[in-house]
Amino acid sequence: MKRSRVLVVGSSNTDLVVQAPRFPRPGESVMGGVFARFQGGKGANQAVAAARAGAEVAFAGRVGNDEFGESALNGLMQEGIDTSLTVRDENLASGVALIIVDASGENEIVVAAGANMGISTGQVDQAVELIKSVDIILTQLEMPIETMAYLAETVDHCGKSLILNPAPASPIPESVFPRVDVLTPNLVELEAISGTRIETVEDIEKAARGFLRKGVGAVVITQGREGCLTITPEESWWTQALPADARDTVGAGDCFSGALAVALAEGRSLKKAVCFATAAAGISVTRLGAQPSMPYRHEIDSVLEGMKNE
Ligand code: RIB
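What you are looking at is a predicted structure, and each value in this text was computed from that prediction instead of being measured.

### Focus: helix α6 (residues 187-194)
One full turn of an α-helix is made of 3.6 residues, so residues set three or four places apart face in the same direction. Taken together, the buried positions of α6 are occupied by Glu189, Leu190 and Ile193. Around the axis of α6, the buried residues are gathered within 100° of arc, so they sit on the same side. Lining the buried residues of α6 we find β11 (182-183), α7 (201-213) and β12 (218-222). At the N-terminal end of α6, a side-chain oxygen is found 3.2 Å from the backbone nitrogen of Val188, two or three residues along, and the residue is Asn186. Positive backbone phi, at 70°, marks Gly195, one or two positions downstream of α6.

Right, dumping it as structure tokens:
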């Protein structure tokens, strides 16, 4: 089968991670376990997830001219990802994320975005030919919101499909929504971007339908071990998560969005694509680190095969 082609525009970070029995309260110090350094950043994680899931991937981002930036680019190139549209910024440092992972695999993250906040509309202009040639474009919000909005406009003008993972949650210009084919928030992000309190499934549906009315094609709300809820103008359905022992959920949402992009680019229905992405994310949470945890295509296929035979 011909490999699908995915362009990811977004962030790259170095993740500095400590495992801890629990998250500290304000003012409290907690003794943690070993320290680990991984390649991360929502955009770069999604690019690695898409590449390992079987697509030919290009990544357009921005890193500093420093050791972290060098490692980030090398890591992406080792995955076979085209980084020719990623800029090395002479003035801004590479992005860094400080991460705590607790005993249940949940995480808390603070990001020093650095060069990610330099991702520019000029970089989008340079990507136009690529945008025209790929099957799907995937982006997030760990970069200037104006750049994301300009990307959405450009993708729309090129007649291509866009997946927006609205993470970390920040206000999204109204003009963006009609240009988004699939929106992939988690519950926290859905609450933040809709500006509504979410306590029940009805609240989720109501918030998601608000985005459909604004022109979004479909909303897929990821809910960790609960699975995910997909809402389109015609129907809505739950997809169960894999029964996995979560060790580290960092990057699970990125894994989901990256795998979803690949499955949609291959022409699968949204229902099948969501199953594919759910299987990928279910594997990723059983492993440590963001990019190292992304599963390969044969692993996703074998989980899906196993589910068919159950
Ligand atoms: O989504 C997980 C990612 O968020 C981490 O890799 C970290 O870098 C932050 O961007």
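### Things to note about the layout of surface pockets
Estimates place the volume of the largest pocket at around 1,200 Å³. Every residue lining the largest pocket is counted, 45 residues in all, and those nearest its centre are Asn107, Asn186, Thr249, Ala252 and Gly253. Contributing elements (two or more residues each) for the lining of the largest pocket: β2 (13-19), α1 (42-52), β7 (95-101), β8 (107-112), α6, α8 (252-265) and α9 (270-284). Take the lining of the largest pocket: its biggest share by element is five residues, from α8. Its residues assigned to classes, the lining of the largest pocket shows 19 nonpolar, 17 polar and nine charged.

### Some points on the packing of α6 against α7
Running from N to C, α6 and α7 cross one another at 55°; their axes reach a closest spacing of 10 Å. What the angle tells us is that α6 and α7 run oblique. Here α6 and α7 pass one another in a crossing that is left-handed. Within the contact between the two elements, α6 uses Leu187, Leu190, Ile193 and Ser194 and α7 uses Ile204, Ala207, Ala208 and Phe211. Of the residues assigned to the contact of α6 with α7, the class counts are seven nonpolar, one polar and no charged.

### A word on the environment of Met31
With respect to the secondary-structure elements, Met31 resides in the loop between β2 and β3 (35-40). Residues Met31 and Ala20, spaced 11 residues apart in sequence, show a C-alpha to C-alpha distance of 6.8 Å.

### Comments concerning the side chain of Ser4
Mapping Ser4 onto the fold places it in the segment before β1 (5-9). Other than its neighbours up to four places away in sequence, Ser4 contacts Ala55, Glu56, Asp135, Val262, Ala265 and Glu266.

### Observations concerning the packing of aromatic side chains
Here the structure, examined in full by the defined rule, presents one aromatic pair. Pairing Phe177 with Phe211 gives two aromatic rings, centres 5.2 Å apart and planes at 45°, and the pair type is tilted. Here Phe177, found in the loop between β10 (161-164) and β11, pairs with Phe211, found in helix α7; they are 34 residues apart in sequence, far enough to count as distant. The same class applies to Phe177 as to Phe211, namely buried. The aromatic ring of Trp237 is capped on one face by Lys271, whose charged end is 4.7 Å from the ring centroid.

### Looking at the sheet that holds strand β13 (residues 228-231)
Taken together, the eight strands give an open sheet; going across it, the order is β4-β1-β9-β10-β11-β12-β13-β14, and neighbouring strands pair in mixed fashion. Two strands close off the open sheet at either side, each with one partner strand: β4 (56-60) and β14 (236-239). Where strand β9 (residues 136-139) lies against β10, four bridges are found, and the strand directions are parallel. Residue pairing for β10: Thr139 is matched across the bridge by Leu164. The sheet strands contacting α1 are β1, β4 and β9, and the helix crosses β4 at an angle near 170°.

### Some points on the site of the ligand
In the region of the ligand, the neighbouring residues are Asn13, Asp15, Gly40, Gly41, Lys42, Asn45, Ala97, Ile109, Glu142, Gly251, Asp254 and Ala290. At 2.9 Å, a backbone N or O of Gly41 approaches an oxygen atom of the ligand. Take Lys42: an N or O atom from its side chain is 2.8 Å from an oxygen atom of the ligand. Contact with the protein chains hides 96% of the accessible area of the ligand, taken as 270 Å² for the molecule alone. Among the cavities detected, the one that contains the ligand is the largest pocket. If you list the elements that add at least two residues to the shell around the ligand, you get β2 and α1. Among the residues making up the shell around the ligand, the classes are represented as three nonpolar, five polar and four charged.

What counts and what doesn't
- All residue numbers refer to position in the chain's written sequence, counted from 1.
- Given that this is a predicted model, residues contribute local features only at a pLDDT of at least 70 and side-chain atom pairs are listed and counted only at 80 or more, while totals for whole chains, interfaces and linings are drawn from all residues.
- Heavy atoms throughout the structure, all of them, feed into the side-chain values; hydrogens and water do not.
- Any residue under 20% of the maximum accessible area for its type is buried, any over 50% is exposed, and the rest in between are partly exposed; the area is computed with a 1.4 Å probe on protein chains only.
- Strands here mean DSSP runs of E at least two residues long; helices mean DSSP runs of H or I at least four residues long; both are numbered from the N terminus.
- Within this analysis, the arc is defined by the directions that extend from the helix axis to the C-beta atoms.
- Here, two residues are considered to be in contact whenever any of their heavy atoms come within 4.5 Å of each other.
- By the criterion applied in these results, polar contacts are pairs of N or O atoms within 3.5 Å in which, for protein atoms, one can donate a hydrogen and the other can accept it, and in which residues neighboring in sequence qualify only through two side-chain atoms.
- Points on a 1 Å grid, built from protein atoms alone, make a cavity when a 1.4 Å probe fits but cannot get out and make a pocket when they are open with protein on both sides within 12 Å along at least 5 of 7 lines; residues with an atom within 4 Å of a point are the lining residues.
- Grid points are joined across faces, edges and corners, and a volume is the space filled by probe spheres set on the points.
- Under the grouping applied here, Gly and all other residues not named as nonpolar or charged are polar, the nonpolar ones being Ala, Val, Leu, Ile, Met, Phe, Trp, Tyr, Cys and Pro and the charged ones Asp, Glu, Lys and Arg.
- Angular values range over 0 to 180 degrees, each being the angle between N-to-C directions of two axes fitted as lines to C-alpha atoms, with helices fitted over their stretch in contact.
- These descriptions rest on fixed angle ranges, namely under 35 degrees for roughly parallel, over 145 for roughly antiparallel, 65 to 115 for roughly perpendicular, and the rest for oblique.
- Two helices cross in a left-handed way if the nearer one is turned anticlockwise from the farther one by less than a right angle. They cross in a right-handed way if the turn is clockwise.
- The aromatic pairing rule takes the rings of Phe, Tyr and Trp, using the six-membered ring of Trp, and pairs them if the centres are within 6.5 Å, calling planes under 30 degrees apart stacked, those over 60 edge-to-face and the rest tilted.
- Throughout this description, the term charge over a ring refers to an Arg CZ or Lys NZ atom that lies within 6 Å of the ring centre and within 35 degrees of the ring normal.
- Pairs of strands are assigned from DSSP output, requiring at least two bridges between the strands.
- Any residue with a heavy atom lying within 4 Å of a molecule or strand is counted as near it.
- The method behind every accessible area is Shrake-Rupley, applied with a 1.4 Å probe, and residues are considered shielded solely by the protein chains displayed.
- For this analysis, a molecule is said to be in a pocket or cavity if more than half of its atoms are within 2 Å of the grid points defining it.

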